[in-house]
Amino acid sequence: MTSILFVMLKSPHENVNLELVDELGKGSKKAALLFEDAVYYAVDKKQGKHLSEHVDEVFVMADDLAARGFKGKATGMFKEIDYPEAVDVIMERYDRTVTI
Amino acid sequence: MTDSILFIMTKPPYGFEEFFAGARASLAMLASGLIGRSTLLLVGDGTLNAVASQDPSAVKMPSNIEAINDLADFEGEVYCIADDLKSRVGEVQVIDGVKMVSWDKARELVSEHQMITTF
Amino acid sequence: MAKTMVIHLRTGSMMSMDSNVAVKLARAALEKGYNVHMFGYGEGITVIKEGQDPKRFPNVGKEIGELAAKGMTVVVCETCCMARGIHRGEEVKGTKVGSLTNDFSKFIKEGDKMITIAR
């Protein structure tokens, strides 16, 4: 089964198509990798819960979260990572990346 | 080493250059002779690029219809999520050669292609 | 043989932090021993323009030049450059103004994984 890493850059309140995550990822192992304003999913309870219902794990760029005032605030399935780990996630842990 | 790439098209026509740019990139893969399979999958607002009655001359933009026809010349495949288009504009005629499909087929395409990019 | 990451960048150097994300990913991948190919398309071509001089933000052009010196391959679309008035000879040293057909397709062929950075 193909595993998919969904790459997200935009704020939860921008036009983000989580239907694509649901539909393309159905039956697959899937995760989200959050950069820039997408890291707000980690601290926005409503939107974060919504995202967590669509994927199996969520990686959050720690520097982007810290820059926005929420260093160390990612909890539950939201895991703060650095760039070397992001490279691991992209190159070794998932079959495909899909930017949404 | 990669021999296949899927272009997921998410943007509507003529407000953005994304569809035209993505179609041209897909065509380039086939024209290069290096990539065996380069496929478009239209989803969400991207399905609106399949509408046959579009008239880019009205806004003096390059034609997405021609871009799709050029792909067909290189045996490039173009798929469109039928439900997404219908939910936006109802039943409309689509450009010849565009295959209307379900999400089951879209998931097959994801598995069949080694790389995916989004426009 | 080291795996290859392809970074497909379509956001401009000062539009958002996307180009900084691309640079940080590229740097981390190179430091971990991966090959990195970066292709700039659409607005993404602006990252290779020589002479960028942001007063308060990271200098993406300079950083990309440094990564190119460390082995990253950087090519941008010539058609997109011409559309924006950027010409061969104006690129950061170590980067190249090239094409979808000759360069991007080669990157895809050689690549193991691709990340698209675009809006």
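Everything discussed here concerns the structure shown above.
A separate point is the overall build of chain B. In terms of helices and strands, chain B carries 4 helices and 5 strands. Ordered by position from N to C terminus, the α and β elements of chain B give β-α-β-α-β-α-β-α-β. A globule of 119 residues ought to have a C-alpha radius of gyration of about 14 Å, and chain B, at 13 Å, matches this closely. Over its C-alpha atoms, taken along the principal directions, chain B stretches across nearly 40 × 30 × 20 Å. In chain B, the proportion of contacts linking residues at least 24 apart, taken out of those at least 6 apart, comes to 74%. In the form shown here, chain B has an accessible surface area of approximately 5000 Å², with 51% of it arising from carbon and sulfur atoms. One way to put it: in chain B the 9 positive side-chain charges average out to a point 4 Å from where the 17 negative ones average out.

Moving on, we come to the interface of chain C and chain B. With 20 residues of chain C at the interface, the matching set in chain B holds 21 residues. Roughly 1600 Å² of surface becomes buried between chain C and chain B when both sides are summed, with 62% attributable to carbon and sulfur atoms. Inspection of the region where chain C meets chain B yields 3 salt bridges. Inspection of the chain C/chain B interface yields 12 residue pairs in polar contact (both at pLDDT 80 or more). Elements represented by at least two residues in the side of chain C that touches chain B include exactly β1 (4-9), α4 (100-110) and β5 (113-117) of chain C. If one sorts the elements of the side of chain C that touches chain B by residue count, α4 of chain C sits on top with 8 residues. Here the side of chain C that touches chain B is composed, by residue class, of 6 nonpolar, 6 polar and 8 charged.

Moving on: the sheet that holds strand β5 (residues 115-118) of chain B. Residues and elements named next belong to chain B. Spatially, the 5 strands line up as an open sheet ordered β4-β3-β2-β1-β5, and their pairing is parallel. Edge positions in the sheet fall to β4 (98-101) and β5, since each has one partner strand and no second. Here the average twist between neighbouring strands, direction ignored, is 25°. Inspection of the sheet shows strand β2 (residues 37-42) paired to strand β3 (residues 77-81) by 4 bridges, in the parallel sense. Among the inter-strand pairings, L42 is bridged to a residue of β3, identified as C80. The strands that helix α1 (residues 18-32) touches are β1 (4-9) and β2; relative to β2, the one it contacts most, it runs at about 160°. Each of β1, β2, β3, β4 and β5 is contacted by helix α4 (residues 103-112), which is oriented at about 150° to β2, the strand it contacts most.

Right, let's talk about unusual backbone geometry for a bit. In the Ramachandran plot, E36 of chain A falls in the positive-phi region, its phi being about 50° despite a non-glycine side chain. Tracing the backbone shows E36 of chain A in the loop between β2 (30-34) and α2 (45-52). Residues other than glycine seldom take positive phi values, yet E75 of chain B does so here, at roughly 60°. Following the sequence through the fold, E75 of chain B ends up in the loop between α2 (64-73) and β3.

Attention now moves to α2 of chain A. Given 3.6 residues to a turn, an α-helix orients residues that are three or four positions apart in the same direction. Residue and element names in this part refer to chain A. When we look at burial in α2, the residues that qualify are Q47, G48 and L51. Looking down the long axis of α2, one finds its buried residues gathered within 100° of arc, a one-sided arrangement. More than 90 degrees from the buried face of α2, the exposed residues found are K45, K46 and K49. Contacts made by the buried residues of α2 are with β1 (4-8), α1 (18-25), β2, β3 (57-61) and β4 (78-81).

Of note, K24 of chain C is situated in helix α1 (residues 18-31). Each C-alpha atom of the pair K24 of chain C and V6 of chain C lies 14 Å from the other, and the pair is 18 residues apart in sequence. Polar contacts involving the side chain of K24 of chain C include one to the side chain of D63 of chain A, which spans 2.8 Å.

Before going further, it helps to examine the pairing of β1 of chain B. Residues and elements named next belong to chain B. The buried fraction of β1 is high, at 6 of 6 residues. Alternating residues of β1 divide into S4, L6 and I8 and I5, F7 and M9, and every residue in both groups is buried. Alignment of β1 against β2, held across 6 bridges, turns out to be parallel. Across the sheet, S4 pairs through a bridge with R37, a residue of β2. Assessed by its sense of winding, the connection that carries the chain from β1 through α1 to β2 is right-handed. As judged from the 4 bridges shared by β1 and β5, these two strands associate in the parallel manner. Note that in β5 the partner of I8 across the bridge is T118.

What counts, and where the lines are drawn
Residues numbered from 1 in each chain as written. Chains lettered and ligands numbered in written order. Predicted model: local features only at pLDDT ≥ 70, side-chain atom pairs only at ≥ 80, totals over all residues. Heavy atoms only, no water. Helix = DSSP H or I, 4+ residues; strand = E, 2+ residues; numbered from the N terminus. Rg over C-alpha atoms; globule rule 2.2 N^0.38 Å. Contact = heavy atoms within 4.5 Å. Areas by Shrake-Rupley, 256 points an atom, 1.4 Å probe, with all protein chains shown as cover. Lys, Arg positive; Asp, Glu negative; His and termini not counted. Charge placed at Lys NZ, Arg CZ, Asp CG, Glu CD. Buried area = accessible area lost by both parts, 1.4 Å probe. Salt bridge = Lys/Arg side-chain N within 4 Å of Asp/Glu carboxyl O. Polar contact = N/O pair within 3.5 Å; in protein donor to acceptor, adjacent residues only side chain to side chain. Nonpolar A, V, L, I, M, F, W, Y, C, P; charged D, E, K, R; others polar. Pairing = 2+ DSSP bridges. Axes fitted to C-alpha atoms, helices over the stretch in contact; angles between N-to-C directions. Buried < 20%, exposed > 50% of the residue type's maximum accessible area, 1.4 Å probe, protein only. Arc of directions from axis to C-beta. Right-handed = clockwise from strand over helix to strand, strands pointing away.

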